[in-house]
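Here are the chains, one letter per residue:
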Amino acid sequence: PGSFFGAGSVQALRRGVPASRVTASLGTREKGGMADFSVDFTKSYARRRPDEPRSHYSSRLKFINALIKGEGETLTDERIEVLSHCYSNVKYLSNIYNKDIMGMLSKYDPEIPM
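Fair warning: this is a prediction, and the values are worked out from it, not measured in the lab. (Residues numbered from 1 in each chain as written. Predicted model: local features only at pLDDT ≥ 70, side-chain atom pairs only at ≥ 80, totals over all residues. Heavy atoms only, no water.)

(A) A look at the pattern of salt bridges. Across all of its chains, the model carries six salt bridges by this definition. Between K107 and E71 there is a salt bridge, and its shortest N-O distance comes to 2.9 Å. Placement of the pair is K107 in helix α4 (residues 99-108) and E71 in helix α2 (residues 54-71), with a sequence separation of 36 residues. The structure contains a network of salt bridges with shared partners spanning K91, D109 and E111. (Salt bridge = Lys/Arg side-chain N within 4 Å of Asp/Glu carboxyl O. Helix = DSSP H or I, 4+ residues; strand = E, 2+ residues; numbered from the N terminus.)

(B) Summary view of the side chain of H85. Looking at the secondary structure, you find H85 in helix α3 (residues 77-93). Excluding residues that lie within four positions of it along the chain, H85 makes contacts with R49 and R60. (Contact = heavy atoms within 4.5 Å.)

In structure tokens form, the structure reads like this:
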């Protein structure tokens, strides 16, 4: 599927531009236009785990983006991080959590079963 991050974002990081000023663009169409996507890469929830495949990281970032857009004012950074890792565990390892967690995950990725 192509790169999740724009080439300009990667080049900016290589030039030493602070990660908090770098944004990434999704390559998906949403309502006829490009979806807006901004991540503060200084946040712990936005870091890729060493053992995390790039495709899983990309999906987790998309989930984080949707979660922040929907719940951002009510969630702490720590909660976003925990939910993003729960998301990966459910999506790729078939883990199951309590009803509240599964409902939140499913709300922002309809492919996640309730």
